[in-house]
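Listed below, chain by chain, are the residues.
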Amino acid sequence: SLTGENVYTMCDYGDELVLGIHEGKLRRLNKRRNIVSDFNASDVHYSIIRDVKCYDDLIWVGTQRGVYVIDERLNDIQHIEHDAMCSYSLSDNQIGRIYRDREGGMWIGTNLGGVNYLPQKGMTFMRYVPLTKPNTITSKRIREMAEDEQGNIWIGTEDSGINIFNPQSGQFSTLGKGALSSENTLSLIAMSGQIWVGYFKQGLDLIAQSGHGVRHYSAAALGLNDASIYALCHDSEGRVWLGNGWG
C-alpha cells in the first residue's frame, strides 16, 4: 500500500511505475494488479530520492548520495558519485534532475554543482559550473532541463532564470531579469517550438524557441488557486498538464 507515502518522483517502467518515496524506499507499482513492492536495492532506499528516470532497460535514480543506475536484467546496481580527487567525476552528490538528450547523452542537474554531461558511451563527466568568463552557466542550482528542436539544452535554475546551452558552440546564453517573469524556475518542458516554464509564485511563461518572445500567464488566467507551477507534463495527445502547490 502507498497510504501515508510521499511519492516525490516516478517514471513509467513497462507494466510498472517506479516510485521514489520522499525519505523512503524505491518502490514499484504493478499497474494491472495494483500491487506495490520494494526494489531489491538496499543502498538506494532512504538515500533521499529526488528523481527517477527509466531509459531503455535501465532505471536512473538521483539521490542525495549521487546517482544509482539499476539494471535488473543483470541484477546490477552502479553507484555514480562525486570524487574530490577526480575532476571528471560527478560535481556534486545532491542530484536534482536527470535528463537524456536525443543523442543518448545524460544530463545530471545538481543542487550545488551545476550540470554534469555524460556522453552516451563513457563514464567521464563534463562539468558545467559558473565561471567568471562570459557564456558559461550562471547557477549551481538546477531545477529542470529540456532539449528543443534544434538540439539546444534549456536549463531552468532556482536563482538565475534559464540557461540555454548550444552544443555546436559549447556556450551558454541566459534569459533572466527583464526577459522572464521570475528567475526562480520550478518546471520546464519543450513542445512544438515553445518552451513552457513554471515559476515559484509567478505562474507560467511560454517562450518562443526562436526569438525568445515571452507570453505570461498568471494563476488567475490559468484558472489556478496557486501561482507556483511545480510540474509540467505533455501527454501523448498533445495536452499539457500543470501541477501547482495547492491543487
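These figures come from a predicted structure and were not determined experimentally.

## Quick notes on the overall build of the protein chain
For step 1, the next point in the chain: The secondary structure content of the protein chain amounts to one helix and 22 strands.
For step 2, the next point in the chain: Relative to the 2.2 N^0.38 estimate, which gives 18 Å for 247 residues, the radius of gyration of the protein chain is 18 Å and therefore close to what a compact globule would have.
For step 3, the next point in the chain: If you line up the protein chain on its principal axes, its C-alpha atoms span 50 × 45 × 30 Å.
For step 4, the next point in the chain: Put simply, the protein chain has 247 residues, and 47% of those count as buried.
For step 5, the next point in the chain: Put simply, the protein chain shows about 12700 Å² of open surface, and 47% of that area lies on carbon and sulfur atoms.
For step 6, the next point in the chain: Considering the protein chain, the positive charge centre built from 23 side chains and the negative charge centre built from 29 side chains are found 2 Å apart.

## Some details on the sheet that holds strand 1 (residues 7–13)
For step 1, the next point in the chain: Taken together, the four strands give an open sheet; going across it, the order is 1-2-3-4, and neighbouring strands pair in antiparallel fashion. Two strands lie at the open edges of the sheet, namely strand 1 and strand 4 (35–38), each paired on one side alone. Between one strand axis and the next, the sheet turns by 25° as a mean value, whatever way the strands run.
For step 2, the next point in the chain: Alignment of strand 1 against strand 2 (residues 16–21), held across six bridges, turns out to be antiparallel. Of the residues in strand 2, the one forming a bridge with C11 is V18.

## Regarding the state of the cysteines
For step 1, the next point in the chain: Per the stated rule, a full pass over the model turns up one disulfide.
For step 2, the next point in the chain: Here C233 is not disulfide-linked; the sulfur of C11 is the nearest cysteine sulfur, at 13 Å.

## A look at the pairing of strand 10 (residues 106–110)
For step 1, the next point in the chain: Of all five residues in strand 10, five are buried, a share of seventy percent or more.
For step 2, the next point in the chain: Neither face of strand 10 is exposed, since M106, I108 and T110 on one face and W107 and G109 on the opposite face are all buried.
For step 3, the next point in the chain: Looking at chain direction, strand 9 (residues 95–100) and strand 10 are connected through five bridges and run antiparallel. From the neighbouring strand, R97 faces strand 10, where its bridge partner is G109.
For step 4, the next point in the chain: Two successive antiparallel strands, strand 9 and strand 10, enclose a turn made up of five residues, where G104 displays a positive phi of approximately 90°.
For step 5, the next point in the chain: In sequence, strand 10 turns back onto strand 11 (residues 115–118) through a hairpin of four residues, with G114 there showing a positive phi of about 70°.

## With respect to the sheet that holds strand 6 (residues 58–63)
Within a beta sheet, neighbouring strands are joined by backbone hydrogen bonds and run either parallel or antiparallel to one another.
For step 1, the next point in the chain: The four strands are arranged 5-6-7-8 in an open sheet whose pairing can be described as antiparallel. Among the strands making up the open sheet, the edge pair consists of strand 5 (49–55) and strand 8 (76–80). For this sheet, the mean angle separating the axes of adjacent strands, direction not counted, is 20°.
For step 2, the next point in the chain: Relative to strand 7 (residues 66–71), strand 6 is paired through six bridges, and the arrangement is antiparallel. Bridge pairing in strand 7 places V61 opposite Y68.

## So, the packing of aromatic side chains
For step 1, the next point in the chain: In total, this model carries seven aromatic pairs according to the counting rule given.
For step 2, the next point in the chain: Relative to F39, the ring of Y13 lies with its centre 6.5 Å away and its plane at 45°, an arrangement referred to as tilted. Linking Y13 in strand 1 with F39 in the loop between strand 4 and strand 5, this pair joins segments that are 26 residues apart in sequence. Taken individually, Y13 and F39 each receive the classification buried, so the pair is uniform in this respect.
For step 3, the next point in the chain: Here Y128 and F172 contribute two aromatic rings whose centre-to-centre distance is 5.4 Å and whose plane-to-plane angle is 70°, an arrangement assigned as edge-to-face. With Y128 in strand 12 (residues 126–128) and F172 in strand 16 (residues 171–175), this residue pair connects regions lying 44 residues apart in the sequence. Residues Y128 and F172 agree in their burial class; the two are buried.
For step 4, the next point in the chain: Aromatic ring contacts, followed pair by pair, group W107, Y117, Y128, F165 and F172 into a single cluster.

Conventions we followed
Residues numbered from 1 in each chain as written. Predicted model: local features only at pLDDT ≥ 70, side-chain atom pairs only at ≥ 80, totals over all residues. Heavy atoms only, no water. Helix = DSSP H or I, 4+ residues; strand = E, 2+ residues; numbered from the N terminus. Rg over C-alpha atoms; globule rule 2.2 N^0.38 Å. Buried < 20%, exposed > 50% of the residue type's maximum accessible area, 1.4 Å probe, protein only. Areas by Shrake-Rupley, 256 points an atom, 1.4 Å probe, with all protein chains shown as cover. Lys, Arg positive; Asp, Glu negative; His and termini not counted. Charge placed at Lys NZ, Arg CZ, Asp CG, Glu CD. Pairing = 2+ DSSP bridges. Axes fitted to C-alpha atoms, helices over the stretch in contact; angles between N-to-C directions. Disulfide = S-S within 2.5 Å. Phe/Tyr/Trp six-rings, centres within 6.5 Å; stacked < 30°, edge-to-face > 60°.

Function cannot be inferred from these measures alone, as they are strictly geometric.
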